[in-house]
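Structure assessment
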Amino acid sequence: MRVTNNMISRTVLNNLSADLSRLQKTQDQMSSGQVVSRPSDDPVVTARVMTLDSVMAQHDQYDRNMNDAQAWLETTDKALGSLTSALQRARTLTIAGANDSLSSTDRNALAQEIDQLTGNVVQIANTSYANRYIFAGTKTTTVPFDSSGNYVAGNTGTLDWEVSQGVKITVNIDGNNAFNPTSITPITSDGSSRIFNMLHDLKAALTNGTSADIANLSGKILGNLDSAIDNTLNLRAEVGAKSNRLQMALNQSAAETLNYKELKSKLNDVDMVKAITDFNMQESVYQAALNTAAQIIQPSLLNFLK
Amino acid sequence: MYSTFLGLETARRGLATARNGMDVTGHNVANASTTGYTRQRADQVASDPYTVPSLGKPVTAGQLGTGVTVEQIERIRDNFLDGQIRTETSKLGNWQAQNDALSEIETIFTEPSDNGLSTLMSNFFSSWQELSKNAESSPLRTTVVQNAVSLANGFKHTYTQLETVKDNLNQLMTIDINDINSKAQQIADLNTQIVNIKAAGDQPNDLMDKRDLLLDDLSKLTNYTVTDHGNGSISIDIGSFNLVDGLTQSVGSFSSTDLTNVTDGALNGINQALTKLQSYEADLNTLAANLIKTVNDAHTGGIDLNGNAGEIFFGSNASTASTDASDIAVNPDIQNDVNLVAAADSSDPSPGNGTNALAIADLQSTLISGLSNVTFSDYYKNLIARLGVDSQESDRMVSNQQALVDQLTNRKDSISGVSLDEEMTNLMQYQYAYQGAARVVTILDSMLDTLINKMAV
């Protein structure tokens, strides 16, 4: 084949620019750390990486939801725990009050403590978490119970949070559920939630101290108190179960997130060892090409004619 | 008996031919790197022999040579190769134009990255999720609105940039069409000159080089066929459109209405890129339109913090909903008062009710019938994947065609290119031929000197 000077310079130039563009590509990958920086680099990997990204974003959101739900449930659990202690203290006082030998002064002192306890329970019922009343149903911005235990501003709405795709969890226990269990039968109904009504009954019985009252103390009132404690413990069990379920889901989700990250990394992260090796090889090829180019373009017969 | 001075004439022809050859060589060397130049060669032939007109030829035997002459100065070129190169160059131009446009479009979508539309959509739906847990929170409502504004801006920005690329492509097309017309005129002019020079019996090598270069350039822009009329003139047709008439040298004015004749070259590439761009834009609009519609439907079904039914979420005002990516915006009422974000559903207008917010967040994983039953993000992903495949194909085709064109151009250069080594060798050859012919003149001179001056009469 007849070889002309133009052919040589074109071939040299083409090869040099091909070498250089390979170098640039490797350099690009090394500096960005990613194999794919535009869809045409690899459409399949691009689509998969985008899927993984959106799945991971959703996953992160569900993780946040679960963590928030756990915090909410924990607050509820604490509130219910305090309620249990208060009710148990009321029970102790009831049993003490039911003793025939107690003087009316002593009973009055007990009644005073019940009054304090009732105030305490109102406070528990109005517990807020991050400025939101947890026993108010969906009316989270208003104080649900008044000082005498009427459920004035709450409703029975549920707060349903999504913890994974299509799976919702009810995180709240409304005030009606927690403080107005139907298992309690108040002696004199005064319109307040049943637990408060019962505490009002208890205080009245201690204050009045008639023999019927004392009989009620060890009978109906004690029974109602036990029902209230049972109800609270049941609710706590429910909250605990939900919290456990969330903890398990969170652990599982953490494992899944790790899997996704690993997969994405496998798809799109640059293998640095390979990239550096490639880069060095391409660089030496480029230099060799430059060297030969310098030697091959220079001479012609002209250099050797006198 | 022949002339005493025949030898001198023969030597003179030798001198002239060697000079001629050297001139051609000089021309070749001078144009060694001129684009489109075809190397030339002085075709030497022995001139017609002289038959001595005498009866029975008593003195000399046979015919006597009369030296050398240059018959023509020839262009060394393979016309078949030209045709091949032009066909492949057209294809290269086609893919190159598409590749340029598609790369630009890829840059517009900036995927995969942390700031593409995909991420903006994720953020938008995530903020609804957050709000569903804390529906009364004003900061979270603001986040929802701000993320929605970012998403709307993302859509609009992408749309505007696609429109800009579209404008650029149309402009490029006009430039290319003008280029075709101007080249056609130049070719017609060259046709006239070539025909005239050929009629005078000369070879207009350099003019033909110029015309061939124009044809090479034209092949980057469009496909065409060349008809040679034999007298040096050529006709050019683009499909059924007559661009240059080689007989009358009239030039047809090519315009955008004649594009149906174009099946290759940059013009076709631009046309194809426009079609593809329009399909991406249509997809983007479909995605935006469905997002607007489903979010608006869900939002108007909810109750805002003031207890009223939700306004439309994406719109230019409370009564005009956005239509697609070109005009997507968040209802300014909602932007001004985040309490208008309808997080509650109609069953319970309490501030803590985030059921509707959750319903909107769940649209993220809902199969949308208007998007052939895929989710928003899947639809968008399909669009990006399609763009990626298109762009990758054009990438591959460009490098394939480039390799092919390079290889063919090398073959052409192998035939038509100037080799300096060869020209130097020729130069030496002509130099010695010249010296030899000059020596013949010197010897003849001394012979004639002897004959004319030294002989005593």
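Residues numbered from 1 in each chain as written. Chains lettered and ligands numbered in written order. Predicted model: local features only at pLDDT ≥ 70, side-chain atom pairs only at ≥ 80, totals over all residues. Heavy atoms only, no water.

1. Here we look at the overall build of chain A
Using the following cut-off: We count a stretch as a helix when DSSP gives it H or I for four or more residues in a row; a strand needs E for two or more, and each element gets its number in order from the N terminus. Here the globule rule is a power law, 2.2 Å times the number of residues to the power 0.38, and the radius of gyration is based on C-alpha atoms. Buried residues are those whose accessible area, probed at 1.4 Å on protein chains only, stays under 20% of the maximum for their type, while exposed residues exceed 50% and partly exposed ones sit between those limits. Residues are treated as being in contact if the distance between any of their heavy atoms lies within 4.5 Å. Only the protein chains shown count as cover for residues, and all accessible areas are computed by the Shrake-Rupley method using a 1.4 Å probe.
If you tally the helices and strands in chain A, you get 7 helices and 4 strands. The secondary structure elements of chain A, listed N-terminal to C-terminal, are α-α-α-β-β-β-β-α-α-α-α. Expected size for 306 residues packed as a compact globule is a radius of gyration near 19 Å; at 38 Å, chain A overshoots this value by more than 25%. A principal-axis box enclosing the C-alpha atoms of chain A has dimensions of 140 × 30 × 25 Å. For chain A, the residues scored as buried account for 43% of the 306 residues in total. Taking the contacts inside chain A whose residues are at least 6 apart along the sequence as the reference set, 66% of them involve residues at least 24 apart. Of the roughly 15,400 Å² of accessible surface on chain A, a fraction of 52% belongs to carbon and sulfur atoms.

2. Details of the overall build of chain B
Rules: For the purpose of counting charges, residues Lys and Arg are taken to be positive, whereas Asp and Glu are taken to be negative. His and the chain ends are not included. Charged side chains are reduced to one point each, which is NZ for Lys, CZ for Arg, CG for Asp and CD for Glu.
Broken down by element type, chain B carries 10 helices and 7 strands. Against the globule reference of 23 Å for 457 residues, chain B gives a C-alpha radius of gyration of 39 Å, more extended than a compact globule. Across its three principal directions, the C-alpha atoms of chain B cover 145 × 40 × 30 Å. Each of the 457 residues in chain B was classed as buried or not, and the buried ones make up 49%. Across chain B, the fraction of contacts at a sequence separation of at least 24, relative to all contacts at a separation of at least 6, is 70%. By element, 53% of the accessible surface of chain B is carried by carbon and sulfur atoms, the whole surface being about 20,400 Å². Charge separation in chain B, taken as the distance between the mean sites of 28 positive and 55 negative side-chain charges, equals 13 Å.

3. With respect to the sheet that holds strand β4 (residues 234-238) of chain B
All names here are of chain B. Worth spelling out the cut-off: Any two strands are treated as partners once DSSP identifies two or more bridges connecting them. Every axis in this analysis is a line fitted to C-alpha atoms, fitted for helices over the stretch in contact. Angles between the N-to-C directions lie between 0 and 180 degrees.
The strand order across the open sheet built from 3 strands is β3-β4-β5, with neighbouring strands paired in antiparallel fashion. The open sheet has two free edges, formed respectively by β3 (225-228) and β5 (241-244), since each of these has just one partner strand. With direction set aside, neighbouring strand axes in the sheet form an average angle of 30 degrees. Relative to β4, β3 is paired through 4 bridges, and the arrangement is antiparallel. Directly across from Val226, in β4, lies its bridge partner Ile236. In the packing of helix α4 (residues 138-199) onto the sheet, contacts are made with β4 and β5, and the angle to β5 comes to roughly 55 degrees.

4. A few points about helix α1 (residues 6-30) of chain B
Cut-off, in case you're wondering: Any helix carries an expected span of 1.5 Å times its number of residues minus one.
For α1(B), which comprises 25 residues, the first-to-last C-alpha distance of 36 Å matches the rise-based estimate of 36 Å (1.5 Å per residue) to within 8%. Along α1(B), the residues that are buried comprise Leu6(B), Ala11(B), Gly14(B), Leu15(B), Thr17(B), Ala18(B), Gly21(B), Val24(B), Thr25(B) and Asn28(B).

5. Examining the pattern of salt bridges
It is possible for side chains bearing opposite charge to pair when their charged atoms get close. Stated formally: We count a salt bridge whenever a side-chain nitrogen from Lys or Arg sits within 4 Å of a carboxyl oxygen from Asp or Glu.
Throughout the structure, instances matching the rule amount to 36 salt bridges over all chains. A salt bridge links Asp53(A) to Lys264(A); its shortest N-O distance comes to 3.0 Å. Remark: Lys264(A) occurs in helix α6 (residues 211-268) and Asp53(A) occurs in helix α2 (residues 43-97); sequence separation between them is 211 residues. Residues participating in the shared-partner salt-bridge network are Arg75(B), Arg77(B), Asp82(B), Arg86(B), Asp209(B), Asp212(B), Asp216(B) and Lys412(B).

6. Description of helix α5 (residues 205-221) of chain B
Residues and elements named next belong to chain B. With 17 residues, α5 should reach 24 Å at 1.5 Å per residue; the first-to-last C-alpha distance of 25 Å fits that figure. For α5, the buried fraction is high: 12 of the 17 residues fall into the buried class. Every buried residue belonging to α5 is among Asn205, Leu207, Met208, Asp209, Arg211, Asp212, Leu214, Leu215, Asp216, Leu218, Ser219 and Leu221, and all of these are buried.

7. Focus on the interface of chain A and chain B
Just so we agree on the cut-off: Accessible area, probed at 1.4 Å, shrinks when two parts are joined; the buried area is that loss added up over both. The term polar contact refers here to a pair of N or O atoms within 3.5 Å; inside protein, the definition further demands a hydrogen-donor-capable atom paired with an acceptor-capable atom, and it admits residues adjacent in sequence only when both atoms are side-chain atoms.
Chain A puts 48 residues into the contact, and the matching count from chain B is 53 residues. For the chain A and chain B pair, buried surface summed over both sides reaches about 4,200 Å², with 50% attributable to carbon and sulfur atoms. Sorting the residues of chain A by area buried against chain B places Arg2(A), Pro39(A) and Met50(A) first, and these three jointly supply 16% of that buried surface. At the surface where chain A touches chain B, the tally comes to 6 salt bridges. Across the salt bridge formed by Arg64(A) and Glu130(B), the nearest N and O atoms sit 3.1 Å from each other. At the junction of chain A with chain B, the criterion picks out 27 residue pairs in polar contact (both at pLDDT 80 or more).

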